[in-house]
Amino acid sequence: MRDHAEVVVIGAGVGGASIAYHLAEAGCTDVIVLDRAEPTSGSTFHSAGLVGQLRGSLPLTRMMMHSVDLYRRLEAEAADTGRSPGWREVGSLRLASTPERLAELNRQSGWAKTFGLPVELVSPDEAHTLFPLMDPTGVLGALWLPTDGYLDPSGLTYALLGAAKARGVTLEAGVRVMDLVVRDGRIRQVITDHGTITTGAVVAACGIYTPEVTAMAGVDVPIVPMAHQYLITREIEGVTPDLPQLRDPDNLIYFRPEGRGLVLGGYERNPAPWSVHGVPPDFNNRLLREDWDRFAPLMALACGRVPAAEEAAIVQLINGPEAFTPDNEFVLGESEVAGFFVAAGFCAHGIAGAGGVGRVMAEWILDGQPGFDTWKMDIRRFGPQYRSRAYAVARTIEVYATYYDIHYPNEERVAGRPLRRSPAYPALVALGGVFGEKSGWERPNWFAPNARAEHDPLRPRGWAGQHWNSAIATEALACRDTAVLFDETSFSKVEIAGPGASAFLNRIAANEMDRPVGSVTYTQLLNDGGGIEADVTLTRLAEDRYLMVTGTAFGTHDLRWIQQQQAAQREGERCRVGDVTSAWACFGLWGPAARRVLQPLTDASLETDTFPYLSAQWVNLGAVPVLAVRVTFVGELGWELYCPTEYGATLWDHLWAAGADHGLLAGGYRAIDALRVEKGYRVWGADITPADNPYEAGLGFAVRLDKPGGFVGRDALALVHEQGPTRRLRTLLLDDPLAVPLGSEPVRIDGHVGGRVTSGSQGLRTGQAIAFAYLPAPQSTPGQRVEVEVFGEWIGAEVGRNSVYDPAGDRIRG
């Protein structure tokens, strides 16, 4: 075995094979693929082989579409190569047996328009014609996607490996990884039972074995093996290899042809995690024992939909462990160890995603970043709570058991709660908080006593009204009229400190960071292509110390990105970076009465001439030492008030008591979201991503192209600035105030789909449904008429100004 390689891929399943293929295709052939047994011997060999493209996000759908393009190409080349993946493009049907499911299919049909997929909504009779074996009783409609299909998972893997080997990639089967060597924060060597390989890049693509391998490098990956079952029948009359796939999510089941028989499986309500504390060392090319008792309810549902299955002879009940994650999304990307990548946790749709995974990972390894936004799959989305195996297992069981459920926006999960609680939590409970959860934090969505019957007519139609309460409107309007107190302790906080902190931040941030102590700067951190990796505020606490605040869910991602930039640290940039989220409680006090509530608690003057917008001061509120930061995420006068965590409960009590004579309400995060959309504030991960630049997003005011020394992404941005962006993020004002877009809806301009919604909400003061969408620059002028498809209905809309509410910003400046 060779003792050096540019890239080592651990795992020769379909994921590892695809990564090797795409690396070789990009010209990187100094690659060794290792497998402890032989290719496909993990989960790949027992996969059901379904390939469905339409997913809940654009990046994941793009990955699946790339997979289909690749599988077509491999099949077309098979006559010459002799390596067939067994690709059959038979199409797929997704049934709706309830009105709620039919609404979901309408929404998915809208998504598909923005993805470029040829999806068609069909009637029950049309669905029956396409899949004659099904009993259409109770079916209300179906989604038909003719470019979906199925294949032979082992055939695909060997086709990918064969093509990679033909370009020079080396496969070493029967080689077990014993240890990984990390020095100075970077992967250096892979130690195997056949020798040591020196390398600069390692990819753990080991499926259910991944946590064992990554632990060798000190990296925790929350992957849980779940026992997934499906049945293979013998020949059934009417089944041909060209029969479409069929998914019946209301009955938790799926079908595809297997020769002239059927594969039928599903996702049961009582899932079975397996070997959660480590896979046995000899578990290769093996299945689990058949569990007929667990499969029986699915079998009964399958026979109800396809009666012929009841009398069919059975070939085998397959029971194999699949790698699932706590949020049912892939785990991709570079870990905290430089050069050490992970591509695993495919949640039983790794065959569908393998082609896209290979492409994304090859780009990440060779270019330093993927070609499009992969935030929902990024390994950096998991916080330290997922190091708890019990927590990870509980969350994973929940997502498996609800795999086929309709997941309405703003749905809250219940497993593993409560975990992280603010010091104000008891007070929030006493005030009637209705809690959601983000990154383990308990956070109030709204407060039940704030519900008002007069606001009930504001409930949006359809899905947007599913997890809605009139208290959201009460709290949002109170913030516009009086004042509201929000608990923002969950916001992630990072400290950058040291003699080179200012110089370091000036290199990685697009805005000017060398401002006076007490300044607050809003900025984006960009990648080399000018895309937005983070959207943050930075407060200069001292000459050598800054506090960065970012979204609750983004702390690990943003911290890791900054730490990666430290690897390229220049002279004069010496500083330390650390997560200080748990050190600070934070409360947001906003509204026209905010100053009147706060002033009696302090001797410091809070007037604008002494405490202007975008500045920070240390003050005492009562006896509590507080960093008061004059910023807003709701578009109103106010402060974010930070104190050491042990003072948090007292500070909340002081503020609440001070607001008693001013009509102060407690507010939740749903009101914050409505207020920020009305004000035109963007949110990272939806409106702005690593695939979007500040000029497209309307954030050019936070860019300083002429900064001495430049900044990361500066050259790419300068080109955009010179040529002008080809698209722009615009605010859309819908004609129907109750038709509230939720994200991913298509936007039609002059009869053609020209954009998609990134996020939306109600403007509760302006009385409009509001959405953000990227539009072609020539068609993005305010006043332009467009249409937005909301659950199958095209709603007229007008392109508005970026900020619908207080566009001049007079209110936030006091």
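Conventions and cut-offs
- Residues numbered from 1 in each chain as written.
- Predicted model: local features only at pLDDT ≥ 70, side-chain atom pairs only at ≥ 80, totals over all residues.
- Heavy atoms only, no water.
- Pairing = 2+ DSSP bridges.
- Helix = DSSP H or I, 4+ residues; strand = E, 2+ residues; numbered from the N terminus.
- Axes fitted to C-alpha atoms, helices over the stretch in contact; angles between N-to-C directions.
- Contact = heavy atoms within 4.5 Å.
- Parallel < 35°, antiparallel > 145°, perpendicular 65-115°, else oblique.
- Nonpolar A, V, L, I, M, F, W, Y, C, P; charged D, E, K, R; others polar.
- Core = buried A, V, L, I, M, F, W, Y, C linked by side-chain atoms within 4.5 Å.
- Buried < 20%, exposed > 50% of the residue type's maximum accessible area, 1.4 Å probe, protein only.
- Salt bridge = Lys/Arg side-chain N within 4 Å of Asp/Glu carboxyl O.

Caption draft 1: Molecular detail of the sheet that holds strand β19 (residues 331–334). Across the sheet, which stays open at both edges, the six strands sit in the order β9-β3-β2-β13-β20-β19 with mixed pairing between neighbours. Either end of the sheet is taken by a strand with one partner, and the two such strands are β9 (170–173) and β19. Between one strand axis and the next, the sheet turns through 20° on average, direction left out of account. Across three bridges, the pairing between strand β2 (residues 7–10) and strand β13 (residues 202–204) is parallel. Among the inter-strand pairings, Val9 is bridged to a residue of β13, identified as Val203. Sitting on the sheet, helix α1 (residues 14–25) touches β2, β3 (31–35), β13 and β20 (340–344), and the angle it makes with β2 is about 160°.

Caption draft 2: Highlighting the packing of α1 against helix α2 (residues 58–81). It is at 14 Å that the axes of α1 and α2 come closest, and there the two elements cross at 80°. With respect to each other, α1 and α2 are oriented roughly perpendicular. Judged by residue contacts, Tyr21, His22 and Glu25 of α1 engage His66, Leu70, Arg73 and Leu74 from α2. Taken together, the residues that form the contact of α1 with α2 break down as three nonpolar, two polar and two charged.

Caption draft 3: View of the nonpolar core. Of all hydrophobic cores here, the largest spans 48 residues; its most connected members are Val7, Ile19, Met63, Val203, Phe330, Leu332 and Met361. Within the residue set of this core, elements represented by two or more residues are β2, α1, β3, α2, α5 (153–166), β20 and α8 (350–367). Excluding residues that lie within four positions of it along the chain, Phe330 makes contacts with Leu60, Met63, Met64, Ala344, Gly345, Phe346, His349, Gly353, Val357, Lys376, Met377 and Arg381. Formed by 46 residues, the second largest nonpolar core is a distinct cluster that contains Ala142, Leu231, Ile253 and Val393.

Caption draft 4: Molecular detail of the environment of Gly792. Structurally, Gly792 can be placed in the loop between β38 (785–790) and β39 (793–800). In this structure, the C-alpha to C-alpha distance between Gly792 and Ala103, residues 689 residues apart in sequence, is 8.3 Å.

Caption draft 5: Expanded view of the pattern of salt bridges. Throughout the structure, instances matching the rule amount to 41 salt bridges. Ionic pairing is found between Arg2 and Asp30, a salt bridge with its closest N-O pair at 2.8 Å. Taken together, the residues span a long stretch of sequence, with Arg2 in the segment before β1 (4–5) and Asp30 in the loop between α1 and β3 at a distance of 28 residues. The exposure class assigned to Arg2 is partly exposed, which follows from its relative accessible area of 34%. One salt bridge connects Arg73 with Glu25, and the closest N-O pair in it is separated by 3.3 Å. Taken together, the residues span a long stretch of sequence, with Arg73 in helix α2 and Glu25 in helix α1 at a distance of 48 residues.

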